[in-house]
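# Fold and geometry: a report
Single-letter residue listing:
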Amino acid sequence: MAALDELQLALHDGPAVLVQVTRVQGSGPREVGAWMALTPTRLIATIGGGHLEFEAIAHAKGLLEGQVLPPSRSFALGPSLGQCCGGVVDLSFELLPQRPQHALPDALPDELLDELRQRLSPPEASLLPVGLFGGGHVGRAIIELLTRLPSRVQWFDSRDEVFPSGLPAHVRAEHSEPVQAAVQELAPGSRVLIMSFSHAEDLDVLAACLLRQRARGDLAFIGLIGSKSKWASFSARLRERGFSATELAQVTCPIGLAGIAGKQPELIALAVVAQLFLSWQCSV
């Protein structure tokens, strides 16, 4: 579950204190805008851990208990906190009231939650755009990671009732038949991952991506799950469809960072998501 969704549910049960990084001078564990929330029973998200977070939790707990405390504090990350970052971090503390008891957890956001989403959601430019084709074990493992990372995901499958319930707002799941038709819906700059239940579908989605690249050239990464032998077979069939060697060179297969071995869906997902973020951050 994404942190914002968890905060929404927590406010249905009781109040919370929102702690947010408002300024960083020098080196700090998290960037401006990073946040966490403390409720009477749980801690949501993080501002970087360590003694800084320990002190922030104590301050937020005091506010939850009704103590009169300042709404902001400045922390020097030096010997006094036992952290060697060496910078200064300013934090704000905001008491968020409990949602009305009649509001259901899955109801439309009230004004407070709508405002919180606008304030706490990362800017669009800082989100990794991903287009994922396939709702199988690896696809689900990838989504599980991306729900906790700064991303914007379009998730497609041709099968009914494949997608799990309770997806966060930044993951949009959509049934598409034929599935390759959804390639035209991908956001510009998307990192595309192709891993459907069918090799025939994989080939059709891949061909559609290459046609889009030929026309628009706006997909930043095209990754196909599979082995080198699968790619040899696919590349031969794509050449028969008229794609050149230069066009085929835009495809990454196999996918995932080298050195992360293992065939478990979770390990494959880890290697693939790390590869996406590495290529994205290197291009920014």
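Thresholds applied
Per chain, residue numbering runs from 1 following the sequence as it is written. Local features in this predicted model are restricted to residues whose pLDDT is 70 or higher, and side-chain atom pairs enter the listing and the counts only when it is 80 or higher, whereas totals over whole chains, interfaces and linings include all residues. No hydrogens and no water enter the side-chain calculation; it runs on all heavy atoms of the structure. For helices the rule is a DSSP run of H or I covering at least 4 residues; for strands it is a run of E covering at least 2, with both sets numbered from the N terminus onward. Whether a residue is buried, partly exposed or exposed follows from its accessible area with a 1.4 Å probe, protein chains only, as a fraction of its type maximum: under 20%, in between, or over 50%, in that order. Contact definition: two residues touch when any of their heavy atoms are within 4.5 Å. Residue burial considers only the protein chains on display, and all accessible areas are found by Shrake-Rupley using a 1.4 Å probe. Neither His nor the chain ends contribute to the count of charged residues, in which Lys and Arg are positive and Asp and Glu negative. Charge placement uses NZ in Lys and CZ in Arg. For Asp and Glu, CG and CD serve respectively. Cavities and pockets were defined on a 1 Å grid built over protein atoms only: a cavity is a set of grid points that admits a 1.4 Å probe from which the probe cannot escape, a pocket is an open set flanked by protein on both sides within 12 Å along at least five of seven lines, and lining residues are those with an atom within 4 Å of any such point. Grid points are joined across faces, edges and corners, and a volume is the space filled by probe spheres set on the points. The residue classification treats Ala, Val, Leu, Ile, Met, Phe, Trp, Tyr, Cys and Pro as nonpolar and Asp, Glu, Lys and Arg as charged. All others, Gly included, are polar. Being paired, for any two strands, means DSSP has found at least two bridges between them. Axes here mean lines fitted to C-alpha atoms, for a helix over just the part in contact, with angles spanning 0 to 180 degrees between N-to-C directions. Note on ring pairs: Phe, Tyr and Trp rings are taken, using the six-membered ring of Trp, and paired if centres are within 6.5 Å. Classes follow the plane angle, with under 30 degrees stacked, over 60 edge-to-face and the rest tilted. Polar contact is defined as a pair of N or O atoms within 3.5 Å, subject to the rule that within protein one atom must be able to donate a hydrogen and the other to accept it, and that residues adjacent in sequence are counted only when both atoms are side-chain atoms. What a helix should span is 1.5 Å times the count of its residues minus one. By convention a crossover is right-handed if, when the strands point away from the viewer, the path from the first strand over the helix to the second runs clockwise.

### Structural notes on the overall build of the protein
When you go through the protein residue by residue, the secondary structure sums to eight helices and eleven strands. Judged by the C-alpha coordinates and their principal axes, the protein covers about 75 × 45 × 35 Å. Evaluated residue by residue, the protein yields a buried proportion of 44% over its 284 residues. Considering only contacts in the protein between residues 6 or more positions apart, those separated by 24 or more positions represent 60%. With the model as given, the accessible surface of the protein reaches about 14100 Å², and the carbon-plus-sulfur share is 57%. Averaging the positions of the 23 positive and the 29 negative side-chain charges in the protein gives two centres separated by 7 Å.

### Description of empty space enclosed by the protein
Under the criterion given, the structure shown has one cavity of 30 Å³ or more. Counted as a void, the largest cavity has a volume near 50 Å³. Lining the largest cavity, in full, are Leu4, Leu7, Gln8, Leu113, Leu116 and Arg117. Where the lining of the largest cavity is concerned, the elements lending two or more residues are helix 1 (3-13) and helix 3 (111-120). By residue class, the composition of the lining of the largest cavity is four nonpolar, one polar and one charged.

### Quick look at the sheet that holds strand 5 (residues 88-96)
With antiparallel pairing, the five strands of this open sheet are ordered in space as 3-2-1-5-4. The open sheet is flanked by strand 3 (43-45) and strand 4 (72-76), the only strands paired with a single partner. Within this sheet the neighbouring strands show an average axis-to-axis angle of 25°, counted without direction. Where helix 3 meets the sheet, its contacts fall on strand 1 (16-25), strand 2 (35-38) and strand 5, and the angle it forms with strand 1 comes to roughly 25°.

### Examining the packing of aromatic side chains
Enumeration according to the criterion identifies three aromatic pairs in this entry. Plain terms: the ring middles of Phe277 and Trp280 are 5.7 Å apart, the flat faces sit at 80° to each other, and that makes the pair edge-to-face. Linking Phe277 with Trp280, this pair stays in helix 8 (residues 265-283), spanning three residues, or about one helical turn. In this structure Phe277 comes out as buried when scored by relative accessible area, which is 11%.

### Regarding the side chain of Ser198
Secondary-structure assignment places Ser198 in the loop between strand 9 (191-194) and helix 5 (199-215). Only 3.1 Å separates the side chain of Ser198 from the backbone nitrogen of Ala200, close enough to count as a polar contact.

### What to know about the sheet that holds strand 7 (residues 151-157)
Strand pairing in a sheet relies on backbone hydrogen bonds, with the paired strands running either antiparallel or parallel. Read from one edge to the other, the open sheet built from six strands follows the order 8-7-6-9-10-11, with strand pairing classed as parallel. Each end of this open sheet is capped by a strand with a single partner; those strands are strand 8 (171-175) and strand 11 (251-252). Here strand 10 (residues 221-224) pairs with strand 11 via two bridges, running parallel. Each residue of the ladder has a partner; that of Gly223, found in strand 11, is Thr252. In the packing of helix 5 onto the sheet, contacts are made with strand 6 (128-133), strand 9, strand 10 and strand 11, and the angle to strand 10 comes to roughly 165°.

### Overview of unusual backbone geometry
For the bond from Glu177 to Pro178, the omega torsion is 5°, close enough to zero to count as cis. In this structure, the amide linkage connecting Cys253 to the following residue, Pro254, adopts the cis form with an omega of 0°. For Pro254, the position within the fold is in the loop between strand 11 and helix 8. If you check the backbone angles, Glu161 has positive phi at about 55° while not being a glycine. Its location among the elements puts Glu161 in the loop between strand 7 and strand 8.

### Details of helix 5
Between the first and last C-alpha of helix 5 there are 24 Å, a value that for 17 residues agrees with the 24 Å anticipated at 1.5 Å per step. What helix 5 keeps buried is the set Glu201, Asp202, Leu203, Val205, Leu206, Ala207, Ala208, Cys209, Leu210, Arg212 and Gln213. Of the surrounding secondary structure, the elements contacted by the buried residues of helix 5 are strand 6, strand 9, strand 10, helix 6 (228-240), helix 7 (245-248) and strand 11. The backbone nitrogen of Ala200 lies 3.1 Å from a side-chain oxygen of the residue at the head of helix 5, namely Ser198. The positive-phi residue at the C-terminal boundary of helix 5 is Gly217, with phi of around 60°.

### Some words on the pairing of strand 10
Here strand 10 shows a buried face lined by Phe221 and Gly223 and a second buried face lined by Ile222 and Leu224. Here strand 9 runs beside strand 10; their pairing, made up of four bridges, is parallel. Following the sheet pairing, Ile194 is matched in strand 10 by Leu224. In this fold, strand 9 hands off to helix 5, which returns the chain to strand 10; that crossover is right-handed.

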